[in-house]
Amino acid sequence: MAGKLKLSMMIGDYEIVRALKDGTVRPKGIELVVADYPGTRAIHDKVAEGDACDINEFNGGAYVVQKHGGATTSPRSRCSCIAVSARLHLSQQGEGHREATDLIGRRVGCRTFGPAAHYWMRGHLEEDHAVPHRAVTWVIESDDDASRQAPADLRIERVPRGRNVEEMLLEGAVDAMIAPNVTRMIGEGDPRVARLFPDYRELEADYYRRTGFFPIMHVTTVPAEIVARHPWVVESLVLAFDEAKQLAYRRLADPRNVPLAWYRTYWEEERALPAPIPGSSAFRI
(Lines give C-alpha, C1' and ligand atoms only; values in the text may rest on other atoms or scores of the structure.)
Protein backbone atom coordinates (compact mmCIF):
# COMPACT_ATOMS: atom_id res chain seq x y z
CA MET A 1 0.00 0.00 0.00
CA ALA A 2 2.56 2.50 -1.18
CA GLY A 3 1.89 6.08 -0.26
CA LYS A 4 -0.52 5.28 2.55
CA LEU A 5 -0.01 6.26 6.16
CA LYS A 6 0.52 3.12 8.23
CA LEU A 7 -1.33 3.22 11.55
CA SER A 8 -1.88 0.50 14.14
CA MET A 9 -5.30 0.06 15.74
CA MET A 10 -6.57 -1.65 18.89
CA ILE A 11 -10.34 -1.77 19.41
CA GLY A 12 -12.87 -4.30 20.66
CA ASP A 13 -14.57 -7.00 18.63
CA TYR A 14 -17.84 -5.14 18.15
CA GLU A 15 -20.22 -5.77 15.30
CA ILE A 16 -20.14 -2.10 14.32
CA VAL A 17 -16.37 -2.22 13.64
CA ARG A 18 -16.20 -5.71 12.13
CA ALA A 19 -15.90 -4.41 8.55
CA LEU A 20 -13.08 -2.06 9.55
CA LYS A 21 -11.14 -4.77 11.36
CA ASP A 22 -11.48 -7.40 8.63
CA GLY A 23 -10.52 -4.99 5.83
CA THR A 24 -13.92 -4.75 4.13
CA VAL A 25 -13.78 -1.02 4.86
CA ARG A 26 -10.47 0.76 4.27
CA PRO A 27 -10.03 4.35 5.46
CA LYS A 28 -8.85 6.62 2.68
CA GLY A 29 -5.10 7.19 2.73
CA ILE A 30 -4.49 4.84 5.69
CA GLU A 31 -3.09 1.33 5.94
CA LEU A 32 -4.53 -0.14 9.13
CA VAL A 33 -2.59 -2.71 11.10
CA VAL A 34 -5.05 -4.32 13.50
CA ALA A 35 -3.50 -5.42 16.79
CA ASP A 36 -4.81 -8.11 19.11
CA TYR A 37 -7.39 -6.86 21.58
CA PRO A 38 -6.33 -7.66 25.16
CA GLY A 39 -9.69 -6.86 26.76
CA THR A 40 -11.36 -3.66 27.88
CA ARG A 41 -9.53 -3.08 31.14
CA ALA A 42 -6.12 -3.96 29.69
CA ILE A 43 -6.48 -1.68 26.67
CA HIS A 44 -7.58 1.23 28.84
CA ASP A 45 -4.49 0.75 30.99
CA LYS A 46 -2.28 0.63 27.88
CA VAL A 47 -3.78 3.85 26.51
CA ALA A 48 -3.43 5.62 29.86
CA GLU A 49 0.22 4.51 30.08
CA GLY A 50 0.99 5.55 26.49
CA ASP A 51 1.78 1.95 25.54
CA ALA A 52 -1.01 1.26 23.06
CA CYS A 53 -1.46 1.68 19.30
CA ASP A 54 -1.96 4.74 17.11
CA ILE A 55 -5.75 4.33 17.10
CA ASN A 56 -7.31 3.03 20.29
CA GLU A 57 -10.58 2.45 22.01
CA PHE A 58 -10.58 4.25 25.35
CA ASN A 59 -12.86 4.75 28.34
CA GLY A 60 -14.79 7.98 27.73
CA GLY A 61 -14.79 8.90 31.41
CA ALA A 62 -11.06 8.28 31.77
CA TYR A 63 -10.46 10.41 28.69
CA VAL A 64 -12.26 13.34 30.30
CA VAL A 65 -10.30 12.85 33.53
CA GLN A 66 -7.00 12.82 31.63
CA LYS A 67 -7.98 15.90 29.63
CA HIS A 68 -9.19 17.78 32.75
CA GLY A 69 -8.43 21.55 33.54
CA GLY A 70 -14.45 10.89 17.43
CA ALA A 71 -15.95 8.10 16.64
CA THR A 72 -17.69 5.97 19.26
CA THR A 73 -17.16 2.24 19.61
CA SER A 74 -19.31 1.25 22.58
CA PRO A 75 -22.66 3.02 23.01
CA ARG A 76 -25.01 1.42 25.51
CA SER A 77 -27.41 2.44 28.23
CA ARG A 78 -26.93 0.98 31.70
CA CYS A 79 -30.06 1.34 33.87
CA SER A 80 -30.20 -2.47 33.80
CA CYS A 81 -26.83 -2.70 35.56
CA ILE A 82 -27.77 -1.36 39.01
CA ALA A 83 -28.42 -4.24 41.41
CA VAL A 84 -29.69 -4.06 44.98
CA SER A 85 -29.77 -6.52 47.83
CA ALA A 86 -33.09 -8.34 47.94
CA ARG A 87 -32.86 -8.19 51.75
CA LEU A 88 -33.28 -4.47 51.48
CA HIS A 89 -36.99 -3.63 51.40
CA LEU A 90 -36.25 0.03 51.56
CA SER A 91 -39.35 1.99 50.80
CA GLN A 92 -42.58 2.34 52.69
CA GLN A 93 -44.63 1.31 49.65
CA GLY A 94 -44.62 -2.41 50.29
CA GLU A 95 -42.23 -5.33 50.43
CA GLY A 96 -39.95 -5.53 47.43
CA HIS A 97 -40.81 -2.03 46.20
CA ARG A 98 -37.70 0.11 45.83
CA GLU A 99 -37.18 3.72 44.89
CA ALA A 100 -33.85 5.10 43.73
CA THR A 101 -33.96 7.69 46.52
CA ASP A 102 -33.80 4.81 49.01
CA LEU A 103 -30.08 4.63 48.14
CA ILE A 104 -29.41 7.98 49.81
CA GLY A 105 -27.14 7.39 52.79
CA ARG A 106 -26.47 3.80 51.67
CA ARG A 107 -23.36 1.89 50.60
CA VAL A 108 -23.02 1.12 46.89
CA GLY A 109 -20.30 -1.21 45.67
CA CYS A 110 -18.33 -1.13 42.41
CA ARG A 111 -15.10 -2.78 41.36
CA THR A 112 -13.53 0.56 40.42
CA PHE A 113 -14.90 4.09 40.37
CA GLY A 114 -14.02 5.15 36.85
CA PRO A 115 -15.61 2.91 34.16
CA ALA A 116 -17.50 5.01 31.62
CA ALA A 117 -20.74 3.22 32.46
CA HIS A 118 -20.39 4.30 36.09
CA TYR A 119 -20.31 7.98 35.16
CA TRP A 120 -23.60 7.54 33.33
CA MET A 121 -25.21 5.55 36.15
CA ARG A 122 -24.19 8.10 38.77
CA GLY A 123 -25.46 10.84 36.47
CA HIS A 124 -28.80 9.10 35.91
CA LEU A 125 -29.23 8.57 39.64
CA GLU A 126 -28.47 12.21 40.42
CA GLU A 127 -30.20 14.05 37.58
CA ASP A 128 -33.18 11.81 36.90
CA HIS A 129 -33.76 10.12 40.26
CA ALA A 130 -32.67 12.70 42.88
CA VAL A 131 -29.82 10.61 44.32
CA PRO A 132 -26.80 12.96 44.71
CA HIS A 133 -23.55 11.05 44.22
CA ARG A 134 -22.20 12.72 47.37
CA ALA A 135 -25.12 11.26 49.35
CA VAL A 136 -23.86 7.70 48.77
CA THR A 137 -20.83 5.88 50.17
CA TRP A 138 -19.02 4.23 47.25
CA VAL A 139 -17.30 0.97 48.19
CA ILE A 140 -14.62 0.07 45.65
CA GLU A 141 -12.30 -2.92 45.20
CA SER A 142 -9.37 -1.02 43.69
CA ASP A 143 -8.30 2.53 42.86
CA ASP A 144 -8.11 4.10 39.43
CA ASP A 145 -7.54 7.64 38.15
CA ALA A 146 -11.13 8.60 38.94
CA SER A 147 -10.98 7.54 42.59
CA ARG A 148 -7.47 8.87 43.12
CA GLN A 149 -8.53 12.28 41.81
CA ALA A 150 -11.95 12.31 43.46
CA PRO A 151 -12.91 15.38 45.55
CA ALA A 152 -12.14 15.06 49.24
CA ASP A 153 -15.80 15.30 50.21
CA LEU A 154 -16.77 12.27 48.09
CA ARG A 155 -17.27 9.27 50.36
CA ILE A 156 -15.19 6.37 49.05
CA GLU A 157 -14.29 3.24 51.01
CA ARG A 158 -11.96 0.42 49.96
CA VAL A 159 -13.10 -3.18 50.13
CA PRO A 160 -11.22 -5.19 52.79
CA ARG A 161 -8.42 -7.36 51.41
CA GLY A 162 -9.70 -10.70 50.14
CA ARG A 163 -13.28 -9.50 49.66
CA ASN A 164 -15.21 -8.43 46.56
CA VAL A 165 -18.31 -6.32 46.09
CA GLU A 166 -20.42 -9.14 44.63
CA GLU A 167 -20.11 -11.29 47.75
CA MET A 168 -20.64 -8.22 49.91
CA LEU A 169 -23.90 -7.52 48.07
CA LEU A 170 -25.06 -11.09 48.60
CA GLU A 171 -24.28 -10.80 52.31
CA GLY A 172 -25.91 -7.38 52.64
CA ALA A 173 -22.56 -5.72 53.50
CA VAL A 174 -23.31 -3.24 50.70
CA ASP A 175 -26.83 -2.22 49.77
CA ALA A 176 -26.40 -2.02 46.01
CA MET A 177 -23.85 -2.47 43.25
CA ILE A 178 -23.18 -0.86 39.88
CA ALA A 179 -21.19 -2.57 37.13
CA PRO A 180 -20.48 -1.97 33.43
CA ASN A 181 -22.41 -5.13 32.59
CA VAL A 182 -25.31 -7.08 34.04
CA THR A 183 -23.88 -8.90 37.05
CA ARG A 184 -23.61 -12.69 37.11
CA MET A 185 -26.07 -12.73 40.02
CA ILE A 186 -28.78 -10.98 38.01
CA GLY A 187 -28.03 -13.09 34.94
CA GLU A 188 -28.44 -16.28 36.93
CA GLY A 189 -31.57 -15.08 38.71
CA ASP A 190 -30.05 -15.22 42.19
CA PRO A 191 -32.95 -14.47 44.57
CA ARG A 192 -30.64 -12.55 46.91
CA VAL A 193 -30.38 -9.64 44.47
CA ALA A 194 -32.73 -7.65 42.25
CA ARG A 195 -32.56 -4.85 39.71
CA LEU A 196 -33.13 -1.39 41.10
CA PHE A 197 -35.03 -0.60 37.91
CA PRO A 198 -37.00 -3.66 36.72
CA ASP A 199 -38.47 -1.45 33.98
CA TYR A 200 -35.01 -0.37 32.81
CA ARG A 201 -35.83 -0.72 29.11
CA GLU A 202 -38.61 1.86 29.26
CA LEU A 203 -36.50 4.16 31.45
CA GLU A 204 -33.67 4.09 28.92
CA ALA A 205 -36.01 4.64 25.97
CA ASP A 206 -37.70 7.51 27.78
CA TYR A 207 -34.34 9.13 28.48
CA TYR A 208 -33.53 8.99 24.78
CA ARG A 209 -36.93 10.42 23.83
CA ARG A 210 -36.54 13.31 26.29
CA THR A 211 -32.92 14.21 25.66
CA GLY A 212 -31.98 12.87 22.24
CA PHE A 213 -28.88 11.33 23.81
CA PHE A 214 -27.82 7.70 23.88
CA PRO A 215 -24.99 7.05 26.37
CA ILE A 216 -21.53 6.89 24.81
CA MET A 217 -19.17 4.69 26.81
CA HIS A 218 -15.89 4.55 24.88
CA VAL A 219 -14.19 6.91 22.46
CA THR A 220 -11.63 6.33 19.74
CA THR A 221 -8.35 8.16 20.32
CA VAL A 222 -5.56 9.22 17.97
CA PRO A 223 -2.36 10.85 19.27
CA ALA A 224 -2.35 14.63 18.92
CA GLU A 225 1.03 14.55 17.17
CA ILE A 226 -0.36 12.34 14.39
CA VAL A 227 -3.32 14.68 13.91
CA ALA A 228 -0.97 17.69 13.86
CA ARG A 229 1.11 16.15 11.08
CA HIS A 230 -1.79 14.57 9.17
CA PRO A 231 -5.01 16.44 10.02
CA TRP A 232 -6.92 14.62 7.24
CA VAL A 233 -6.65 11.41 9.29
CA VAL A 234 -9.57 12.40 11.52
CA GLU A 235 -12.07 12.75 8.69
CA SER A 236 -10.83 9.57 7.03
CA LEU A 237 -11.31 7.56 10.21
CA VAL A 238 -14.71 9.04 11.04
CA LEU A 239 -16.00 8.19 7.57
CA ALA A 240 -14.56 4.67 7.76
CA PHE A 241 -16.02 3.99 11.20
CA ASP A 242 -19.41 5.23 10.02
CA GLU A 243 -19.27 3.08 6.88
CA ALA A 244 -18.47 0.02 8.98
CA LYS A 245 -21.37 0.83 11.29
CA GLN A 246 -23.82 1.18 8.42
CA LEU A 247 -22.69 -2.18 7.03
CA ALA A 248 -23.30 -3.68 10.47
CA TYR A 249 -26.81 -2.24 10.56
CA ARG A 250 -27.58 -3.75 7.17
CA ARG A 251 -26.25 -7.12 8.27
CA LEU A 252 -28.21 -7.07 11.53
CA ALA A 253 -31.42 -6.05 9.78
CA ASP A 254 -31.55 -9.68 8.62
CA PRO A 255 -32.94 -11.70 11.58
CA ARG A 256 -31.23 -14.83 10.25
CA ASN A 257 -27.91 -13.39 11.42
CA VAL A 258 -28.97 -13.26 15.08
CA PRO A 259 -30.06 -16.43 16.95
CA LEU A 260 -32.91 -14.80 18.89
CA ALA A 261 -36.52 -15.71 18.19
CA TRP A 262 -37.99 -12.19 18.43
CA TYR A 263 -34.90 -10.23 17.49
CA ARG A 264 -36.52 -8.52 14.50
CA THR A 265 -39.31 -7.28 16.75
CA TYR A 266 -36.79 -5.69 19.10
CA TRP A 267 -34.96 -4.20 16.12
CA GLU A 268 -38.10 -2.58 14.75
CA GLU A 269 -39.11 -1.19 18.14
CA GLU A 270 -35.70 0.38 18.66
CA ARG A 271 -35.54 1.84 15.18
CA ALA A 272 -38.98 3.38 15.74
CA LEU A 273 -37.62 5.62 18.49
CA PRO A 274 -37.66 9.27 17.42
CA ALA A 275 -34.59 10.82 15.86
CA PRO A 276 -32.44 13.08 18.09
CA ILE A 277 -33.83 16.49 18.88
CA PRO A 278 -32.82 19.15 16.29
CA GLY A 279 -29.53 20.84 17.06
CA SER A 280 -28.40 18.23 19.58
CA SER A 281 -25.12 16.34 19.41
CA ALA A 282 -26.99 13.13 20.08
CA PHE A 283 -25.87 9.71 19.03
CA ARG A 284 -28.31 7.99 16.66
CA ILE A 285 -29.01 4.42 17.72
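Up top is the structure.
Before going into details, it helps to say that this report is about the structure given with it. The structure presented is a predicted model; accordingly, all values stated were derived computationally and were not measured.

Thresholds applied
- Residues numbered from 1 in each chain as written.
- Predicted model: local features only at pLDDT ≥ 70, side-chain atom pairs only at ≥ 80, totals over all residues.
- Heavy atoms only, no water.
- Core = buried A, V, L, I, M, F, W, Y, C linked by side-chain atoms within 4.5 Å.
- Buried < 20%, exposed > 50% of the residue type's maximum accessible area, 1.4 Å probe, protein only.
- Helix = DSSP H or I, 4+ residues; strand = E, 2+ residues; numbered from the N terminus.
- Contact = heavy atoms within 4.5 Å.
- Salt bridge = Lys/Arg side-chain N within 4 Å of Asp/Glu carboxyl O.
- Phe/Tyr/Trp six-rings, centres within 6.5 Å; stacked < 30°, edge-to-face > 60°.
- Expected span 1.5 Å × (residues − 1).

1. Some remarks on the nonpolar core
Formed by 25 residues in total, the largest nonpolar core has its most connected members in Ile-82, Leu-103, Leu-125, Trp-138, Ile-178, Leu-196 and Phe-197. Among the elements of the structure, strand 4 (82-85), strand 5 (107-110), helix 4 (116-129), strand 6 (137-140) and strand 8 (176-178) are those that each provide at least two residues to this core. Looking at this core, the element that brings in the most residues is helix 4, giving 4 residues. If we skip the residues at most four places from it in the chain, Phe-197 touches Cys-79, Ile-82, Ala-100, Leu-125, His-129 and Leu-203. Within the second largest apolar cluster, 19 residues are counted, among which are Ile-16, Val-17, Val-25 and Ala-240.

2. Examining the pattern of salt bridges
Inspection of the entire model under this criterion finds 20 salt bridges. A salt bridge links Glu-157 to Arg-107, with the shortest nitrogen-to-oxygen separation between them at 2.5 Å. Here Arg-107 lies in strand 5 and Glu-157 lies in strand 7 (residues 156-158), a separation of 50 residues in the sequence. In this structure Glu-157 comes out as partly exposed when scored by relative accessible area, which is 35%. Shared partners join several salt bridges into a network, and the residues in it are Arg-111, Glu-166, Arg-184 and Glu-188.

3. Describing unusual backbone geometry
Of note, Ala-130 is a non-glycine position whose phi angle comes to about 60°, a positive value. Position of Ala-130 relative to the elements: it lies in the loop between helix 4 and strand 6.

4. A look at the packing of aromatic side chains
Within the structure shown, the criterion is met by 3 aromatic pairs. With a centroid separation of 6.0 Å and 70° between ring planes, the pair formed by Phe-113 and Trp-138 is classed as edge-to-face. Of this pair, Phe-113 sits in the loop between strand 5 and helix 4 while Trp-138 sits in strand 6, placing them 25 residues apart in sequence. Comparing Phe-113 with Trp-138 shows no difference in burial state: the two are buried. Taken together, a centroid distance of 6.3 Å and an interplanar angle of 70° make the contact between Tyr-249 and Trp-267 edge-to-face. Taken together, the residues span a long stretch of sequence, with Tyr-249 in helix 10 (residues 232-252) and Trp-267 in helix 11 (residues 263-271) at a distance of 18 residues. Residue class for Tyr-249 comes out buried when judged on its relative accessible area of 16%.

5. As for helix 10
With 21 residues, helix 10 extends 31 Å from end C-alpha to end C-alpha; this agrees with the ideal 30 Å at 1.5 Å per step. Three or more residues of helix 10 are buried, namely Val-233, Ser-236, Leu-237, Ala-240, Phe-241, Ala-244, Lys-245, Ala-248 and Tyr-249. Residues of helix 10 that are buried sit in contact with strand 1 (5-10), helix 1 (18-21), strand 2 (30-34), strand 3 (55-59), strand 10 (218-221) and helix 11.

So yeah, pure geometry; function would need other evidence.
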